[in-house]
Every structure is written in C-alpha cells, then in structure tokens.
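# Coordinate inspection notes
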Amino acid sequence: MKKSSIMLSLLFPLSLVLLLFSISTNAAMDPNSVYDSFLKCLPSQSPESGDDLSGIVYSSAANSTAYTAVLQSYIKNSRFNTTTTPKPSVIITPTKESEVQAAVLCAKKVGVQIKIRSGGHDYEGISYISSEPDFIILDMFNFRSIEVNIADETAVVGAGAQLGELYYRISEKSKVHGFPAGVCPTVGVGGHLSGGGYGTMLRKHGLSIDHITDAKIVDVNGRVLDRKAMGEDLFWAIRGGGGGSFGVILSYTVKLVPVPEVNTVFRILKTVAENATELVHKWQTVVPEIDDDLFVRVLLQPVTVNRRRTGRATFIAHFLGDSDRLVALMTEKFPELGLKKSDCIEVSWIQSVLYWANYDVNTTAPEILLDRHAGNVNFGKRKSDYVQTPISVSGVKSIFDKLVELGKMGFVFNPYGGKMNEIAADATAMPHRAGNLFKIQYSIGWNEGDPELERNYLNQTRVMHDFMTPFVSKNPRGAYLNYRDLDIGVTSGDPKKSYDEGVVYGEKYFMGNFDRLVKIKTEVDPDNFFRNEQSIPTLAGKSSGKSRKMMKVYIMHFTSTGYCGKASKMMKIGILLPWLCKMLLG
C-alpha cells in the first residue's frame, strides 16, 4: 500500500473522532444520564451527606414537579420563564458546604457548565439559563443563615439570604445599625454583594463591597477558602468583579454602619408643566454636592395627564436625620423643589427600608421583609450609564420628549458624590467612583407574554440607549455589572476568542480593573470552568488542559453509549478508532 493511502486510512478515522467531538459539543446530553451521574458522583465527593442525595438533586425527567417548582421559585424575570427558555439538566440545592464542594467537583467530572443562583434577580437571567447546551443550576437558597453580632458590629450572611432578611435581622438586634445595600428586599446577597451593591446610603457609606471584611468561597478545586486562604487578589476580585467567575460564594462577613434613630423620607412628583425639566437640571449639580446624609433619587417617565402624554420627574429621598434639619438643608441648597415639612415622613431605619420597597410604613410590619417571594414578577429589561458632565436644560427637555415619544420606558437617576469620591477606582473591582455625577438605570417592565410587545419594548431600551450617547461617559462608556445587559457584549465560549470578546463588555463594567481581573481569573480558574455569558475571561494559552479534559469527557460518553464500537464497524476500521478512544481515555 502506498504511503499516501496509509495516511488517508489513518486520517479518516481521526477526522471521524474529531467530527464526533465537534457534534457532541453542540448536542445536549441526556438529562436522565446527567441526573444519574450526579446521584452517583455526589456521595463519593461528600461522604458525610450519606448515600442518598436525591433530596437535593432535581431533574425534569426524574422528579419533574419538584424540578419545575424549584426552577421557577427564583425566576424574577418572566422573559426567562417560557416554554422555549433553555432549561438545566439538573438543579442542585445544597444544604451544607461539602455538598457545594461535591457539586463543583462532579460538574467538572460530568462535563457540564454550572450556573450559580442566589436570588435570581440578575436582569438577564444568566444564573439560571445558558447559551450552552449542557448546564446545571447550583441554587444557593438554603444558604441563608444570618448571624448578627452587635458587639463587634458585624454580620455573617449566607450567599442565598436576601437583603430584606439581612435588614430585618439587623433591626432585631439594634435600632441604630444598618447596612448599605439595595432597596429591593428579595435580591440575593451572593450576587448583589459580589457585583458592587448600593442603596440609599451610597453617598454616606459607599458601596456594599466597601464593608465586606471576609468571605468564604468554594474554588474550582473544591476547596473552601476564607480571605486568608484565598489571598488578597481573589478577595479583591469577588468584591465588585462578580463572584460567579471565580467560584461559589458561600457567605460574606460584613461591617455594619451606624444609622440614626430618626430618618426622614419624602416623595415629590413634578410634571414637565410643573417645571420638571429645570428641576432635573438643577438636581444634577446640587445633589452630588449636598450633605452626605441625603440621597435623592429621580425617576423620569412618560405619563398621561388630562389625556395628554407628558414627562414626569419623581424625587424620592432618604435622609439620615430628622425632618427639621432636612427642610432647612433643602431650603438652603435646593429651594426650587419647594420641600415642606408636610412632605416629610419621619421613620426608623427599618421603616425607611419598607418605604423604599413601596410599602406603607404605617400599616406594614417589618416581618414582610422575611417573605422571600414578596412582590410581583413581570417581564423586564434594564441598561445602565454614568453621567459625568451636567446635561443642559435643552438636553433634559429632549430626554423627556424622547421618553414620551417611545411611550413605555423610564429612567432612574442615582446621585453620586460623598463617600464615592473618597474611594479609589482600584480599591475594589468595581471602578465607577469619583468623577460621576450620577448613574442611570434604564427601566422597562410589562405584564403580557406577547413576543411582539417584547420586541417593541426591548427596542425602546436600545433606541434610548443610543439617544443618550452624547450625554454619558465615553472611552469607554461605563456600565454597572449588577444592571446586567447582554446587549453590550457576550462571550461565545471559544477559548481563542475569550479575551477579545470579554474585553468588549469587561472594560465597560470594570474599566482599568479589567486586566487585573483577567489575570486573577487565569490564575485561579485557568480552564474557565466558572463561566457565563459575561464572565471574566482567561488569558489565551494559560489553560491547564481544558481541551484534552473535555475531549476525554466526550470520548467517555461515546464509549459508554457504544459510539466508538459502532463507528469502527461502520467504517471497517477495527483497529485505529478503538485505539484512539483508548489513547484519549488515558
């Protein structure tokens, strides 16, 4: 036989293996097979949990009713709860650290992507859906213990706890302590704190991550690490860089902040006819420079007044002090708003939490914060921007006009200044600090599951985002990680393109901190096991053998299902292909 014929006979089966590998990477595994694999693997990796872990493993095939209930219980955006939404092969709901460790190790062994969910409020649903065919959800809702220690002013809070639970447990122990985090009580701690986290005490106390003193994380090797064990680089990364790129957050230790016994809130509504345009213009320059005890958010939205569409601004405030001091401050600094004492409501700090969550503080008990499923779940989309130069009166007018023209979406303007000006951009992974007057959240929500409506509403956000280009930060145009937005870039999962794709969204979220995050990611998770559509990428060429490991996983799959033997017989190449299978299996 000629050499060329021999080479062809060798290359053809090799190409078949590569073809089978290529097909397998794009075809979903059988959910039953994945379920059975985890039931076998988990006890071996978590012996103290016993042999039967079926109570924490859910599959659409094995226990479909419970699977659906668990899957849907923490879906907070109905856009990702349809019949066509990608579903996980398995959901694992660990109750102890060893089960989290086992889940990570078994996901590596089985060869599936792992998505980590703490509260489900991520705006693009990436903690419970995936662009990859094979994925599981590690749902951390059982990790919701909260230990508040007023003596040293700290709290240890599980990643699956919700902000409302944390606030309530603090208020149980003290009326003069709080924590600076978000205003939505059902947001999960794990995602909120790892992405930055902010609320109405932003200008007084900075971000949530500025008050994290320790953390526990399960890394890619299944180790449980605290701050000392993980090192300062990784500890820096998971404060603002998103925990899901680096491991599974188990808990955070946070430092509480002092709050006064008397707080004050108010809400003032002004339409364009009532001088809203000029008031929003003035707000930009006054509020970022005002007393750090005051936070005044502005909502811009289209409304109907006397059967005519117009724009409206809602000024909603939280003041760390009494109403007399607040009225005096506003009279001096922002008299145009016309705040009167009758507009103010004096509340405790925990009541301010209720007020900002849109509860009636006179009729609602704080225990509502323990309801993990409070509030409505609808369809929605969010985007973000940062404003560094005041928008002119004519610019504000054009924004109102555009909102009215589009018809549905609105804006949330969140003032910066105060403490945010004092913390360096590289102190934590979240970089957006000094130099920003305010942050914008683009917001649209709807209740009908109509695909045409969804296309229209999503388009409104994109049109408005384009319209705002002249008014917002540039080079790069910033974005806030916790207002997750896949429109600004995604990664395809191709290791060769990982960095080039990641830098597109990474520089918007992390600016000058992005390359440091990539370096840390490459060191702690070189094979990019912890990944999602906008995760921190690894540097090319630094993999510790992912491709070979994945090839081995799939060849094992072929062998177990008889593919290698069948292919050998079909192609009448009874020697080389089994040999290749054996070689790749080691």
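Residues numbered from 1 in each chain as written. Predicted model: local features only at pLDDT ≥ 70, side-chain atom pairs only at ≥ 80, totals over all residues. Heavy atoms only, no water.

Note the following rule: UniProt positions are given in the numbering used here, feature names are shortened, and annotations may be inferred rather than shown by experiment.
The protein is annotated in an unreviewed UniProt entry as FAD-binding PCMH-type domain-containing protein from Centaurea solstitialis. The Cofactor (unreviewed entry) field of the UniProt record for the protein holds the comment "FAD". Listed under Sequence similarities (unreviewed entry) in UniProt, the entry text for the protein is "Belongs to the oxygen-dependent FAD-linked oxidoreductase family."

### Brief notes about the environment of glycine 410
Basically, it comes down to this: Here a strand is any run of E in DSSP of at least two residues, a helix any run of H or I of at least four, and the numbering for each starts at the N terminus. Per-residue accessibility, obtained with a 1.4 Å probe over protein chains only, is compared with the maximum for each type, and a residue is labelled buried under 20%, exposed over 50%, and partly exposed between these values. In what follows, residue pairs with any heavy atoms lying within 4.5 Å of each other are defined as contacts.
Examined against the element boundaries, glycine 410 turns out to sit in strand E17 (residues 410-415). Looking at glycine 410, the relative accessible area reads 10%, which means it is buried. For glycine 410, the residues in contact, after removing those within four places along its chain, are Leu300, Gln301, Leu403, Gln441, Tyr442 and Ser443.

### Re the pattern of salt bridges
If the charged atoms of two oppositely charged side chains come close together, the side chains can form a pair. What counts here: Criterion for a salt bridge: a side-chain nitrogen of Lys or Arg within 4 Å of a carboxyl oxygen of Asp or Glu.
All told, the structure shown has 32 salt bridges when counted by the stated rule. Residue arginine 79 pairs with glutamate 454 through a salt bridge whose shortest N-O separation is 3.7 Å. On the criterion of sequence distance, the pair formed by arginine 79 in the loop between helix H3 (64-73) and strand E2 (90-92) and glutamate 454 in helix H14 (residues 451-467) is long-range, its members being 375 residues apart. With relative accessibility at 13%, the residue arginine 79 sits in the buried group. Taking the shortest distance from any N to any O, the salt bridge between lysine 333 and glutamate 332 comes out at 3.8 Å. The exposed category is assigned to glutamate 332, whose relative accessible area is 58%. When salt bridges that share partners are traced, they join Arg79, Glu124, Lys381, Lys383, Glu454, Arg462, Asp485 and Asp487 into one network.

### Focus: the sheet that holds strand E12 (residues 263-271)
Note: strands within a sheet are paired through backbone hydrogen bonds, in either parallel or antiparallel orientation. Cut-off, in case you're wondering: Should DSSP find at least two bridges between two strands, the strands are regarded as paired. Here, axes are lines fitted to C-alpha atoms. For helices the fit covers the stretch in contact, and angles between N-to-C directions go from 0 to 180 degrees.
The seven strands are arranged E15-E12-E14-E13-E17-E18-E16 in an open sheet whose pairing can be described as antiparallel. Unpaired on one side and paired on the other, strand E15 (344-347) and strand E16 (379-387) mark the two borders of the sheet. On average, each strand axis in the sheet is tilted by 20° relative to the strand beside it, whichever way the strands run.

### Some points on the packing of helix H2 (residues 31-45) against helix H4 (residues 97-110)
Basically, it comes down to this: Angular relationships are summarised with four words: roughly parallel below 35 degrees, roughly antiparallel beyond 145, roughly perpendicular across 65 to 115, and oblique for the angles in between. Put simply, a crossing is left-handed when the front helix is turned counterclockwise from the back one by less than a right angle, and right-handed when it is turned clockwise. The nonpolar class holds Ala, Val, Leu, Ile, Met, Phe, Trp, Tyr, Cys and Pro. Asp, Glu, Lys and Arg form the charged class, and all remaining residues, Gly among them, are polar.
Following both chains from N to C, one finds H2 and H4 inclined at 130°, their axes separated by 9 Å at the closest point. Here H2 is positioned oblique relative to H4, judged by the angle of their axes. Relative to H4, the crossing made by H2 is right-handed. Mapping the contact onto sequence places Ser37, Phe38, Cys41, Leu42 and Gln45 in H2 and Ala102, Ala103, Leu105, Cys106, Ala107, Lys109 and Val110 in H4. Residue classes in the contact of H2 with H4 are distributed as nine nonpolar, two polar and one charged.

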